[in-house]
Amino acid sequence: MSARTLPPAELARRCDPATLDLAAGGAPPAQPDDADRIVGQPRARAAVEFAVATRQPGFHLFVMGPPGSGRRSLARAVIAAQAARGGPPRHDWVYVNRFDRPHQPLALRLPAGQGTQLRADMRALVADLRTLIAAAFESEEYAAQAERIGDEFKQRAEHALREVAQEAEQRGLAMIRTPVGFTFAPQKDGEVLPPEAFQALPESRRAELQHAVGEVQEMLLRALRAQMRMRKEHADRMRALDRATTLLAIGHAFDDLRARHAALPELVAWLDAVRDDVVDNAADFRRHDDDEHTESGEPRGELGRYEVNVVLDAAASPGAPIVEADLPTVNALVGRIDHIARFGALLTDFRLIKGGLLHKANGGYLLVDAVKLLQQPLAWPTLERALRRREIRIESLGEMLSVVSTVQLEPDPIPLDLKVVLFGERWVWALLQALDPDFDELFRVVADVGDDMPRAGGAERELARMLAGQAQALGLLPAAAPALARLIDHGARLAGDATRVTAQLRRLVDVLVEADHLARAAGAGELGAAHVAAAVAARRERAARVQELQREAMLREILAIATDGERVGQVNGLSVYEIGGEWFGAPTRISATSRLGDGQVVDIQRETHMGGPVHAKGVLILSSFLASRFSRQQPHAIFASLVFEQTYGLVEGDSASLAELLALLSSIADVPLRQSLAVTGSVDQSGAVQAIGGVNDKIEGFFDLCRARGLDGRHGVVVPEANVGHLMLGDEVVDAVRAGRFAVHAVRHVDDALALLAGMPAGDPLRPDPSTVNGRIARRLQEYAQLRQGARRGTRRRAGAGGLRRGGEGGSGG
């Protein structure tokens, strides 16, 4: 095996504009939300289609994927297609007054469109009742009956008083009416006796008259009590007359309304309750004026209890509704109960109940961003409870938190039948699945939108048509085929794979928008490849401040990175970092030292807590490789150390383990390595080189430094052979390779890289041949092992001699 120098053709796979053939493929889509825009996500589409089609409870949908991947557009497109095919009929929902329990408003389900009609009917009914009832009570018939009942009561009352007056007269008393009631006084010949005359009467007569006064007073008291009973009887008869008059006046109006809604027994029962309440409170209709109605016709005051509160008008959105929750708070989801401040008190009734997003989406689909939902207090448990119970229960958030002590309404819950679609990244789904045991019971379908998609099978042409449609929908300049081809190349670079393209299509559209700005500034009539390339470069330039500062530090040798000559135990590793959505690569000096020891390889990054667990794993793997390769039959008598020089933050990942191993082997063999080459790749315990991430950014990071210092044909980068298919390098790198001023080498094994950097054969690790690197390592480790074994034998001999001396001294002493 040996390192392979890659030709320019393998450094990038460019999209051929001629293969896009937009004209032959048809016009691009005119609307940005067309289903045809969803490219390369068959698995996710199938999951969404299944979840949307099934009506079984618990099969709600979680669409997971990176932002900007079209996950929401995919769900909307599939849902819109399903909604167009129809679904179960929707219903209106209204809240009305429950007259026997006003704090528990009654929820009524009505056919679509009848909620607003019922509200209009009830407002018209109240207006009619005011006229009908007033006319009935002003009629001559009612006045005659009321007068007859009043005359009868008056006659009975006067007859009882006359009987008392006659009895008093027979007893020699006169019944006198005063402003405060009735009283009795002695009389003679029809004249009331003055006090002097009364005192002049014989004692027996005075006693007789006083006794008579007590008896007639008792008789008067009985008459007055009977009069009170008659008055109650009169009120009852008048009330019965009022009820009969009211029933007669309103009967036909309610009969017509009941007949129109005869198919709805719950509504008919409520209309009967309304009729009974109207009969009991007819006086409310007689004392209200025209100003007791709002401009919209809604009754004010007491008559407002007959209003109909429509919380869901299904006719306003025909078909299955698709509702998106931008701010999914508790009140926004399940609705709220408003209050009105009057005279320092908060008042509410059923008319102040407001529906929420669940009401609007009932019978359809609710689309919610999972992170926004979790950010709102109590929103997730509220939605979960509604889905589990399959009902919408409006509860006051203040009451739930026990911060409000006022009396609250308890509206009837409304049955819930809808499909909820949550959107989030994979970590959000994993978090909910791990922490909420009910999550899997409710969201049983998961649609995983991929981070990227294949470029094969006409996908490039379909993607180009979608991007052209996006440009058209956004009002951008027409995108020529070379511009779309360059944009697809950029998408492959974002995916980090020459055979795939990123699924974060929003990032590609953002590039189109910036390219449109540059094209218009240049006076161009369409978007060309140069405009797209300039937009990509501009986006990268905005985030490149740290990269420029770092490169300047390297050029001034503040950061010591050698790009020529040779060094023992030193290799240029490669790392990547992300700033502002852009990834940058940079070289890092890795050094190693070695000496006689007990088989330990010290990772200085780990010892100083500046290395992550994956990096520590990589060092342990290369340590195991070193021991198993060279010290199977002898002590591994080496002490070595590895460090990332001039790093002051956390080092994580195993992509530098190949470079670390090369530095360590160079130190042991005392063989210098070329500094004009940078190395990236991980290794396993057998020395095989494995793929790593960010290969394009790493190569370009080292290329930029070498170009700044001057390319001389000896510079290059060593990458794993497994990463060749990921290469999507920029034109500058490809042109430099084509001109022979830069090189990219692919290796499969550590020996391939070792021979390339050392400039001598790697050799057989089992033969201590000084003409090969492995031979020198084997010989050096044999020497260390012999020294170690000799030191141990000497230690044992000295320990034995010391024991004999101690024994002799003990014997002498004895």
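Since we're looking at a predicted model, the values are computed, not measured. (Residues numbered from 1 in each chain as written. Predicted model: local features only at pLDDT ≥ 70, side-chain atom pairs only at ≥ 80, totals over all residues. Heavy atoms only, no water.)

Visitor: What should I look at first to understand helix H21 (residues 529-542) in this one?
Guide: In an α-helix, one full turn covers 3.6 residues, which means residues spaced three or four apart are oriented alike. For H21, spanning 14 residues, the distance from its first C-alpha to its last is 20 Å, which sits close to the expected 20 Å at 1.5 Å a residue. When H21 is considered as a whole, its buried residues turn out to be His531, Val532, Ala535 and Val536. The arc that holds the buried residues of H21, viewed along the axis, is 140°, so those residues lie on one side. For H21, the elements touching its buried residues are helix H19 (481-495) and helix H20 (505-521). (Helix = DSSP H or I, 4+ residues; strand = E, 2+ residues; numbered from the N terminus. Expected span 1.5 Å × (residues − 1). Buried < 20%, exposed > 50% of the residue type's maximum accessible area, 1.4 Å probe, protein only. Arc of directions from axis to C-beta. Contact = heavy atoms within 4.5 Å.)

Visitor: Honestly, the packing of aromatic side chains in this entry has me stumped. Any pointers?
Guide: When we look at a pair of aromatic rings, we describe it by the centre distance and by the angle of the planes. Scanning the entire structure with this criterion turns up 10 aromatic pairs. Ring geometry for Phe99 against Tyr306: centres 5.9 Å apart, planes inclined by 45°, an arrangement best described as tilted. Of this pair, Phe99 sits in the loop between strand S3 (91-96) and strand S4 (106-111) while Tyr306 sits in the loop between helix H10 (282-286) and strand S8 (309-312), and the two are 207 residues apart along the sequence. Residue Tyr306 is classed as buried on the basis of its relative accessible area of 1%. Each ring, one from Phe285 and one from Tyr306, has its centre 5.7 Å from the other, and the planes form 25°; the classification is stacked. (Phe/Tyr/Trp six-rings, centres within 6.5 Å; stacked < 30°, edge-to-face > 60°.)

Visitor: Just to check I follow, could you spell out the nonpolar core for this structure?
Guide: The nonpolar side chains of soluble globular proteins are, as a tendency, buried together. Leu658, Leu662, Leu664 and Leu757 are the most contacted members of the largest nonpolar core, which totals 45 residues. Those elements that provide at least two residues to this core are strand S23 (582-595), helix H24 (613-630), strand S25 (639-644), helix H25 (657-669), strand S27 (677-679), helix H28 (750-758) and helix H29 (773-813). Among the elements that make up this core, the one with the highest residue count is H25 (nine residues). With near-sequence residues (within four places) excluded, Leu757 lies in contact with Val571, Leu662, Pro672, Leu673, Arg674, Leu677, Val679 and Val718. Counting 41 residues, the second-largest nonpolar core is a separate cluster that includes Ala386, Ile414, Leu416 and Leu418. (Core = buried A, V, L, I, M, F, W, Y, C linked by side-chain atoms within 4.5 Å.)

Visitor: How do you make sense of unusual backbone geometry when you look at a structure like this?
Guide: For residues besides glycine, phi is generally negative; the peptide bonds are generally trans as well. The backbone of Glu557 shows a phi angle near 60°, a positive value even though the residue is not glycine. Relative to the helices and strands, Glu557 resides in the loop between helix H22 (545-555) and strand S21 (566-568).

Visitor: When you look at the confidence of the model for the protein chain in this model, what are you seeing that I'm missing?
Guide: Detailed reading of the predicted model is not advised wherever pLDDT is low. Per-chain confidence: the protein chain averages 87 in pLDDT, with 92% of residues scoring 70 or above. Mean pLDDT values over the elements of the protein chain span from 54, in helix H2 (residues 22-25), up to 98, in S27. Low pLDDT, under 50, characterises residues 803-814; the predicted model gives this stretch one contact beyond four residues in sequence or across chains. (pLDDT = per-residue confidence, 0-100.)

Visitor: Whenever I open this one, the sheet that holds S3 confuses me. Can you help?
Guide: The strands that make up a sheet are held in pairs by hydrogen bonds between backbone atoms, and each pair lies either parallel or antiparallel. Ordered in space as S4-S3-S8, the three strands form an open sheet in which the pairing is antiparallel. The open sheet is flanked by S4 and S8, the only strands paired with a single partner. Averaged over all neighbouring strand pairs, the angle between strand axes comes to 35°, with direction disregarded. Here S3 pairs with S8 via three bridges, running antiparallel. Its bridge partner lying in S8, Tyr95 is registered against Asn309. Its contacts with the sheet place helix H5 (residues 114-137) against S3, S4 and S8, and it is angled at close to 115° to S4. (Pairing = 2+ DSSP bridges. Axes fitted to C-alpha atoms, helices over the stretch in contact; angles between N-to-C directions.)

Visitor: I would appreciate a short explanation of helix H27 (residues 731-738) in the present structure.
Guide: Among the residues of H27, those classed as buried are Val733, Val734, Ala736 and Val737. On an axial view of H27, the arc spanned by its buried residues comes to 160°, and they lie on one face. Looking at the buried positions of H27, the neighbouring elements they touch are helix H26 (695-709) and strand S31 (743-747). A positive phi of about 80° marks Gly740, the residue just after H27.

Visitor: How should I be thinking about the pairing of strand S2 (residues 61-64) in this particular structure?
Guide: In summary, the side chains of a regular strand alternate between the two faces of the sheet. The two faces of S2 match: Leu61 and Val63 on one face and Phe62 and Met64 on the other face are all buried. Where S2 meets strand S18 (residues 445-448), four bridges bridge the pair, whose relative direction is parallel. Note on S18: the bridge partner recorded for Phe62 is Val446.

Visitor: For this particular structure, what's the right way to read the side chain of Thr246?
Guide: Here Thr246 is to be found in helix H8 (residues 203-260). For Thr246, a relative accessible area of 1% puts it in the buried group. Within the structure, Thr246 has its side chain in polar contact with the backbone oxygen of Asp242 (distance 2.7 Å). When sequence neighbours within four positions are dropped, the list of residues in contact with Thr246 reads Ile133, Phe137, Val278, Val279 and Ala282. (Polar contact = N/O pair within 3.5 Å; in protein donor to acceptor, adjacent residues only side chain to side chain.)

Visitor: Honestly, the environment of Asp603 in this entry has me stumped. Any pointers?
Guide: Residue placement: Asp603 occurs in strand S24 (residues 600-603). Sequence separation between Asp603 and Ala592 is 11 residues, and the spatial gap between their C-alpha atoms is 9.8 Å. Apart from the residues lying within four places of it in its own chain, the contact partners of Asp603 are His615, Ala616, Val619 and Leu642. A polar side-chain atom of Asp603 sits 3.2 Å from a polar atom in the side chain of His615.

Visitor: Help me understand the pattern of salt bridges, please; the structure alone is not making it clear to me.
Guide: A side chain with one charge can pair with a side chain of the opposite charge if their charged atoms come near. Following the criterion strictly, the structure yields 46 salt bridges and no others. Measuring nitrogen to oxygen at the nearest pair gives 3.0 Å for the salt bridge that ties Arg98 to Asp412. One end of the pair, Arg98, is in the loop between S3 and S4; the other, Asp412, is in the loop between helix H15 (397-400) and strand S16 (414-415), with 314 residues separating them in the sequence. For Arg98, a relative accessible area of 15% gives the class buried. Assessed through its relative accessible area of 18%, Asp412 is described here as buried. As a salt-bridge pair, Asp438 and Arg388 come within 3.7 Å of each other at their nearest N and O atoms. With Asp438 in the loop between helix H16 (426-435) and helix H17 (439-442) and Arg388 in helix H14 (residues 379-389), this pair connects stretches of sequence that are 50 residues apart. A relative accessible area of 30% places Asp438 in the partly exposed class. A cluster of three or more residues bridged by salt bridges with shared partners is formed by Arg493, Arg540, Glu582, Asp697 and Glu700. (Salt bridge = Lys/Arg side-chain N within 4 Å of Asp/Glu carboxyl O.)

Visitor: When you look at the sheet that holds S18 in this model, what are you seeing that I'm missing?
Guide: Strand order in the open sheet formed by five strands is S9-S14-S17-S2-S18, with parallel pairing between adjacent strands. Every interior strand has two partners, whereas the edge strands, strand S9 (322-325) and S18, have only one. Ignoring which end each strand starts from, the neighbouring axes of this sheet average 20° apart. As paired strands, S9 and strand S14 (residues 365-369) are joined by four bridges and run parallel to one another. Residue pairing across strands places Ala325 opposite Val368, the latter belonging to S14. Contacts from helix H3 (residues 42-53) reach S2, S14, strand S17 (419-424) and S18, with the element oriented near 155° to S18.

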